[in-house]
Amino acid sequence: MEDKKKYNRRDFINSSFRVGIALGLTGIGVALTRRAIAGKSVWQLDPSKCVQCGRCATSCVLETSAVKCTHVYDMCGYCDLCGGYLRPDTKDLNTAAENQLCPTSAIVRKFVEEPFFEYQIIEELCIGCGKCVKGCGAFGNGSLQLQINHKLCVNCNQCAIARACPADAFSRVSASEAYLFKGFVKGKK
Amino acid sequence: MKQKLIIGLSLLFLLVVIFLIGRDLFTNRENNQGNPTEYNLEKLRKIDSSLICYREVRHINPSLGVVHALAIDSSSNIYIAGDNEVQVFNKSLQKVNTLKLDSSANCIAISGDILYAGIGNHVEVYSTKSGKQTNWKSYNSKGYITSIAVNETNVYVADAENRLVFRYDPDGKLITVIGKKDKSKGIDGFIVPSLYFDVALSPDNELWIVNPGKHELINFTENGGFRTSWGVASMQPNGFAGCCNPIHFCILPNGKFVTSEKGLDRIKLHDQSGKFECIVASLSDPNTQALNNCSIGARIHDLAADSKGIIYVLDASSKLVRIFEKK
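Calculation criteria
- Residues numbered from 1 in each chain as written.
- Chains lettered and ligands numbered in written order.
- Predicted model: local features only at pLDDT ≥ 70, side-chain atom pairs only at ≥ 80, totals over all residues.
- Heavy atoms only, no water.
- Contact = heavy atoms within 4.5 Å.
- Buried area = accessible area lost by both parts, 1.4 Å probe.
- Salt bridge = Lys/Arg side-chain N within 4 Å of Asp/Glu carboxyl O.
- Helix = DSSP H or I, 4+ residues; strand = E, 2+ residues; numbered from the N terminus.
- Domains from an automatic or database assignment.
- Patch = residues over 30% accessible without salt bridge, like charges linked within 9 Å, V, L, I, M, F, W, Y side chains within 5 Å.
- Areas by Shrake-Rupley, 256 points an atom, 1.4 Å probe, with all protein chains shown as cover.
- Lys, Arg positive; Asp, Glu negative; His and termini not counted.
- Charge placed at Lys NZ, Arg CZ, Asp CG, Glu CD.
- Buried < 20%, exposed > 50% of the residue type's maximum accessible area, 1.4 Å probe, protein only.
- Pairing = 2+ DSSP bridges.
- Axes fitted to C-alpha atoms, helices over the stretch in contact; angles between N-to-C directions.
- Phe/Tyr/Trp six-rings, centres within 6.5 Å; stacked < 30°, edge-to-face > 60°.
- Polar contact = N/O pair within 3.5 Å; in protein donor to acceptor, adjacent residues only side chain to side chain.
- 1 Å grid on protein atoms, 1.4 Å probe; cavity = no way out; pocket = protein on both sides within 12 Å on 5 of 7 lines; lining within 4 Å.
- Points joined across faces, edges and corners; volume = space filled by probe spheres on them.
- Nonpolar A, V, L, I, M, F, W, Y, C, P; charged D, E, K, R; others polar.

Engineer: Which parts of the structure should I look at to understand the interface of chain B and chain A?
Structural biologist: One widely used convention gives an interface's size as the accessible area the parts lose upon coming together. Contact residues are listed per partner, giving 41 residues for chain B and 33 residues for chain A. Interface area for chain B against chain A, summed over the two sides, is near 3200 Å², with a carbon-plus-sulfur share of 57%. Where chain B packs against chain A, one counts one salt bridge. A salt bridge links Lys-134 of chain A to Glu-38 of chain B; its shortest N-O distance comes to 3.3 Å. Among the elements that line the side of chain B that touches chain A, the one with the most residues is helix α4 (residues 289-294) of chain B, at three residues.

So this is what it looks like as structure tokens:
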């Protein structure tokens with residue numbers, strides 16, 4: 001009459017072990033599936049949060065920062081007196097080194113037609129200090145913006161610049177949409 | 001004795017090394033020194049307080065989610081445009097009326113009981129008593145109206161996208177296009193890098209238009225003939241800073257000019273010939289820097305003056321109309 005098996009301690013431990021393994025495998029499966037769906041993530045900085053503190057130039061683990069100035073041309077006013085290119089109160093609006101705001105002369109100014117000029121970034125020279133970005137944002141349309149260049153970024157687990165950023169502007173974004181430019185809102189000042 | 005001295009000096013050296021290592025580990029000297037690669041604009045934003053000749057005496061809080069434009073009529077009633085409406089305050093700052101608009105106005109002007117609203121690429125006409133009257137035909141579909149100035153015979157409309165000013169009669173008939181680029185006549189056209197392009201009439205009905213990319217105000221005849229201009233690019237208070245300023249201006253009953261700038265967020269008073277007189281207000285403070293850095297929008301969205309020369313400033317970030325009187 002003793003056909004009903006007793007559920008002893010050993011059975012309990014065995015069951016718990018099996019349930020634990022099953023839960024663990026399910027968790028790993030869910031995590032892998034989520035990662036597969038989400039795709040690879042990369043670091044990027046949000047220009048609307050960036051305060052151009054200059055730390056992108058000094059905090060990156062690379063010898064020259066992976067953060068570079070990027071030019072959003074459709075926002076640019078092609079101004080002669082460009083706050084991102086020229087130092088404040090320059091005597092002449094020309095390409096002389098003493099008039100340039102960029103410490104490495106990484107911006108090239110090209111005449112388009114009177115009185116418009118086009119500004120191009122030489123990426124190899126840009127150190128990501130954000131001086132031009134601050135000048136353009138304060139005195140122009142904000143068409144110069146800092147972004148992490150993913151051809152250069154080594155995608156550290158913990159980005160050293162993100163840790164130093166006072167504006168919390170860095171976050172992980174999907175690699176399929178790795179750049180976060182800000183632009184004009186149509187029909188708004 | 002010599003050995004004791006060596007041990008003592010070694011201990012002292014060790015303590016110095018431990019102190020230096022500890023200081024490097026536990027103190028943050030970078031913050032104290034500042035970042036040498038940072039572009040510090042605070043020096044430029046600093047205003048000499050002895051130059052400030054106006055003081056804020058009152059303000060109006062219209063309780064609007066967004067404020068777009070400001071106008072004052074000949075009876076000193078104040079019109080404040082928000083989303084899809086215009087609120088009217090009397091000179092005692094009591095709210096007396098609300099006008100419903102079909103859309104949000106970028107700019108407004110008032111003549112008698114007729115309100116002209118710049119909405120997108122066209123002008124809409126409203127009666128302050130009986131509501132909407134008509135829509136005026138737009139010059140073209142891409143236009144963006146940023147300012148309207150009106151007197152008894154003319155309505156001047158500034159279009160920042162087309163970089164032109166249109167002169168209409170009060171019935172909406174286009175009479176003159178001002179500022180069209182024509183090299184044969186030596187007209188370079190207006191340079192408008194961002195959506196700020198203002199027009200105003202002086203008490204003598206002289207037409208003044210900002211050419212923001214050239215940092216100047218230009219006086220035209222009503223047919224668009226060039227008469228005179230003033231303005232200089234400079235970070236100093238006597239000039240206009242940045243790529244494109246001033247963004248707004250109004251003219252006082254005595255003919256003096258009040259201008260506002262983006263970037264350095266300062267409002268200034270100039271005499272009848274454009275010579276800098278003093279600062280009306282400087283709205284730059286650390287709390288608004290994020291907004292300034294954004295720069296797509298400026299903090300000051302409009303200026304107006306009443307018949308007594310009191311200056312009204314539409315402060316877009318605090319959604320207030322700030323009222324300034326001479327000290």
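Engineer: Explanation requested: the domain arrangement of chain A in the structure shown.
Structural biologist: Under the domain assignment used here, chain A contains domain 1 (10-37) and domain 2 (41-177). With centres defined by C-alpha atoms, the gap from domain 1 of chain A to domain 2 of chain A works out at 47 Å.

Engineer: Whenever I open this one, a positive patch on the surface confuses me. Can you help?
Structural biologist: On the surface, a cluster of positive charge is made up of Lys-142, Arg-163, Lys-181 and Lys-183 of chain B. For Lys-181 of chain B, a relative accessible area of 45% gives the class partly exposed.

Engineer: I keep staring at the sheet that holds strand β9 (residues 131-135) of chain B and nothing clicks. Help me out?
Structural biologist: Backbone-to-backbone hydrogen bonds join strands into a sheet, with any given pair of strands oriented parallel or antiparallel. All names here are of chain B. Pairing within the open sheet is antiparallel, and its four strands lie in the order β6-β7-β8-β9. With partners counted over all chains shown, the strands left at the sheet margins are β6 (107-111) and β9, one partner each. Averaged over all pairs of adjacent strands, the angle between their axes in this sheet comes to 25°, without regard to strand direction. Strand direction decides the pairing type here: strand β7 (residues 114-119) and strand β8 (residues 122-127), joined by six bridges, are antiparallel. Along β8, the bridge assignment pairs Ile-119 with His-122.

Engineer: I keep staring at the packing of aromatic side chains and nothing clicks. Help me out?
Structural biologist: Considering all chains together, one arrives at 12 aromatic pairs over all chains under this definition. Between the aromatic rings of Tyr-179 of chain A and Phe-181 of chain A, the centroid separation amounts to 6.2 Å while the plane-to-plane angle is 10°, which identifies the pairing as stacked. What makes Tyr-179 of chain A partly exposed here is its relative accessible area of 39%. Ring geometry for Trp-136 of chain B and Tyr-168 of chain B: centres 5.0 Å apart, planes at 40°, overall tilted. A residue pair is termed long-range when its members are at least 10 positions apart, and Trp-136 of chain B in the loop between β9 and β10 (145-150) and Tyr-168 of chain B in strand β12 (residues 164-168) qualify at 32 residues.

Engineer: Can you walk me through the side chain of Asn-155 of chain A in this structure?
Structural biologist: Residue and element names in this part refer to chain A. For Asn-155, the position within the fold is in the loop between β5 (144-148) and α4 (160-164). A polar atom in the side chain of Asn-155 sits 3.2 Å from the backbone oxygen of Ser-41. A polar contact of 3.3 Å, which involves the side chain of Asn-155, links it to the side chain of Arg-172. Apart from the residues within four sequence positions on either side, Asn-155 is in contact with Lys-40, Ser-41, Val-42, Trp-43 and Arg-172.

Engineer: Is there a simple way to think about the layout of surface pockets in this case?
Structural biologist: Summary: where empty space remains is shown by rolling a probe the size of a single water molecule over the atoms. Residues and elements named next belong to chain B. By volume, the largest pocket is sized at about 950 Å³. Contributing to the lining of the largest pocket are 42 residues, with Ile-72, Ile-110, Val-150, Leu-201 and Ala-305 lying nearest its centre. Contributing elements (two or more residues each) for the lining of the largest pocket: β2 (69-72), β6, β10, β14 (199-201), β18 (248-251) and β22 (300-305). A per-class count over the lining of the largest pocket returns 23 nonpolar, 13 polar and six charged.

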